[in-house]
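Structural overview for review
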Amino acid sequence: MELGKVQSVDTGNVTIKVENELLLNDVQVNQIIQIRSTKTGEKIIGLISKILRKAVSDKIDENEDDFIIENVIRVNLVGTFIAKEGTSRNIFKRTLNTVPSVNADCFLLKGDDLTEFMKSISSNEDNPLKLGKYTQIY
């Protein structure tokens, strides 16, 4: 399910506008987002860094208490997920082959997509995922 669309693009960050306010209930900081790339077979991967709900203008009418509310998510871009490269499948690279375009579709990485992504990170022989080190304190 689409979370929202890219509203603005910076060097390593994007802002996503979320139209459906109910979708914000499923969003948390540090969740993984995938953004549709301009290249076929590639997805841009990012981590949610901030979730904002803000009034973007003053009151619509002086007699009303309603404000125009905008739901925005800030995302730090971390890499590219490639479906197929040569004979290899499901590859994650910690570089950006492209930056997202404005209005690109954005999705929370969940379910089978999240499983495939995590498999690609953990099976990377050159640079595997490391979560920490065992230490012994005396």
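Calculation rules
- Within every chain, residues take consecutive numbers counted from 1 along the sequence as written.
- Where totals are concerned, whole chains, interfaces and linings use all residues; where local detail is concerned, this predicted model gives features only for residues with pLDDT of at least 70, and gives and counts side-chain atom pairs only at 80 or more.
- To obtain the side-chain values, all non-hydrogen atoms of the structure were used and water was disregarded.
- A helix here means a DSSP run of H or I that spans at least four residues, while a strand means a run of E at least two residues long, and both kinds are numbered starting from the N terminus.
- Burial classes follow relative accessibility: with a 1.4 Å probe on protein chains only, a residue under 20% of its type's maximum area counts as buried, one over 50% as exposed, and anything between as partly exposed.
- Note on areas: Shrake-Rupley with a 1.4 Å probe; residue coverage comes only from the protein chains shown.
- In this scheme, strands are said to pair when DSSP sees at least two bridges between them.
- Salt-bridge detection follows one rule: a side-chain nitrogen of Lys or Arg within 4 Å of a carboxyl oxygen of Asp or Glu.
- The set of buried Ala, Val, Leu, Ile, Met, Phe, Trp, Tyr and Cys residues whose side-chain atoms join them within 4.5 Å is what this entry labels a nonpolar core.
- Any two residues whose heavy atoms approach within 4.5 Å at even a single point are treated as in contact.
- Confidence of the prediction at every residue is given by pLDDT, a number between 0 and 100.

1. A closer look at the overall build of the chain
When helices and strands are counted, the chain shows one helix and seven strands. In the chain, the succession of α and β elements from N to C terminus is β-β-β-β-β-β-β-α. Counting across all 138 residues of the chain, residues that qualify as buried make up 31%. Summed over its atoms, the accessible surface of the chain is roughly 9,500 Å², and 48% of this surface lies on carbon and sulfur atoms.

2. Topic: the pairing of strand β6 (residues 88-93)
Across five bridges, strand β5 (residues 69-85) lies against β6 in antiparallel orientation. By the bridge assignment, Lys84 is partnered in β6 with Arg89. Here β5 folds back onto β6 in antiparallel fashion, the turn holding two residues, of which Gly86 has a positive phi close to 65°.

3. Overview of the pattern of salt bridges
On inspection of all chains with the given rule, the structure shows eight salt bridges. With a closest N to O distance of 3.7 Å, Glu19 and Lys17 form a salt bridge. A relative accessible area of 31% means that Lys17 is categorised as partly exposed. Salt-bridge contacts for Lys119 lead to Glu116; the nearest nitrogen and oxygen are separated by 3.7 Å. Residue Lys119 and its partner Glu116 are both found in helix α1 (residues 111-122); the two are separated by three residues, about one turn of the helix. Residue Glu116 is classed as partly exposed on the basis of its relative accessible area of 31%. One salt-bridge network, in which partners are shared between bridges, spans Glu2, Lys5, Arg36 and Asp105.

4. Some points on the nonpolar core
Membership of the largest hydrophobic core comes to 18 residues, with the highest contact counts inside it found for Leu3, Ile16, Ile33, Ile35, Ile73 and Val75. Where this core is concerned, the elements lending two or more residues are β1 (2-9), β2 (13-18), β3 (32-36), β4 (42-55), β5 and β7 (105-108). Beyond its immediate stretch of four places on either side in the chain, Leu3 contacts Val18, Leu23, Val27, Ile33, Ile73, Cys106, Phe107 and Leu108. One finds Ile32, Ile45, Leu109 and Phe117 within the second-largest nonpolar core, a separate group that totals seven residues.

5. Structural notes on unusual backbone geometry
Located in the positive-phi region is Asn90, a residue other than glycine, with phi close to 50°. In this structure, Asn90 sits in strand β6. Overall, the relative accessible area of 26% leaves Asn90 in the partly exposed class. Of note, Asn103 is a non-glycine position whose phi angle comes to about 75°, a positive value. With respect to the helices and strands, the residue Asn103 is situated in the loop between β6 and β7. A residue is classified by how much of its surface remains accessible, and Asn103, at 53% relative accessible area, is exposed.

6. Structural notes on the environment of Gly41
Note that Gly41 resides in the loop between β3 and β4. With a relative accessible area of 39%, Gly41 lands in the partly exposed category. Between the C-alpha atom of Gly41 and that of Ile82, which follows or precedes it by 41 residues, the distance is 6.0 Å. The residues touching Gly41, leaving out its near neighbours within four places in the chain, are Phe81, Ile82 and Ala83.

7. With respect to the confidence of the model for the chain
Here the chain shows a mean pLDDT of 84. Residues at 70 or above account for 80%. Summarising per-element confidence for the chain, the mean pLDDT is lowest in α1 (81) and highest in β2 (95).

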